[in-house]
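# Observations on the model geometry
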Amino acid sequence: MVFPDFLCIGAQKAGTTWIYANLSKHPDIFLTKSKELHYFNGGYRKYSLKQYSKNYMSKGNMLGGDMTPDYSALQEKEVLYIHQLMPDSKIILLYRNP
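In what follows, the accompanying structure is described. (Residues numbered from 1 in each chain as written. Predicted model: local features only at pLDDT ≥ 70, side-chain atom pairs only at ≥ 80, totals over all residues. Heavy atoms only, no water.)

Within strand β1 (residues 6-10), 5 of the 5 residues are buried, which leaves it mostly tucked inside the rest of the structure. Taking every second residue as pointing to the same face, both faces of β1 are buried, with Phe6, Cys8 and Gly10 on one and Leu7 and Ile9 on the other. Bridge count between β1 and strand β3 (residues 63-67): 3 bridges; the pairing is parallel. Opposite leucine 7, over in β3, you have aspartate 66 as the bridge partner. Two elements, β1 and strand β4 (residues 90-94), share 5 bridges in a ladder whose sense is parallel. Bridging across to β4, leucine 7 finds its partner in isoleucine 91. (Buried < 20%, exposed > 50% of the residue type's maximum accessible area, 1.4 Å probe, protein only. Helix = DSSP H or I, 4+ residues; strand = E, 2+ residues; numbered from the N terminus. Pairing = 2+ DSSP bridges.)

Written out as structure tokens, the structure is:
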């Protein structure tokens, strides 16, 4: 199975749409058509890990990303699961100044 190389997480309204728009223009970055997949915070109830992986099958040598800010509120067991699946994935954490 193929998984993203990075996850973009953080606060709501912290700039993920802006980052998504700009990264999607880069020739070496692969982003899914749907910005937020929400697999790890409940999407697994709707579709399988294999279906989640299919989102990244066409990324080839590009770096693929999952831009779901809500992942910043995951429980420890969910974070450990992500680490087991994607031990080399990077995290982009966005904050905002209220």
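What follows continues from the structure just given.
What follows concerns the packing of aromatic side chains. Summed over the entire model, instances satisfying the criterion amount to 10 aromatic pairs. Look at tyrosine 39 and phenylalanine 40: their rings are 5.0 Å apart centre to centre, the planes differ by 85°, and that puts the pair in the edge-to-face class. Both residues of the pair, tyrosine 39 and phenylalanine 40, count as buried. What makes tyrosine 39 buried here is its relative accessible area of 4%. Through pairs of rings, three or more aromatic residues link up here, namely Phe3, Phe30, Tyr39, Phe40, Tyr44, Tyr47, Tyr52, Tyr56, Tyr71 and Tyr81. (Phe/Tyr/Trp six-rings, centres within 6.5 Å; stacked < 30°, edge-to-face > 60°.)

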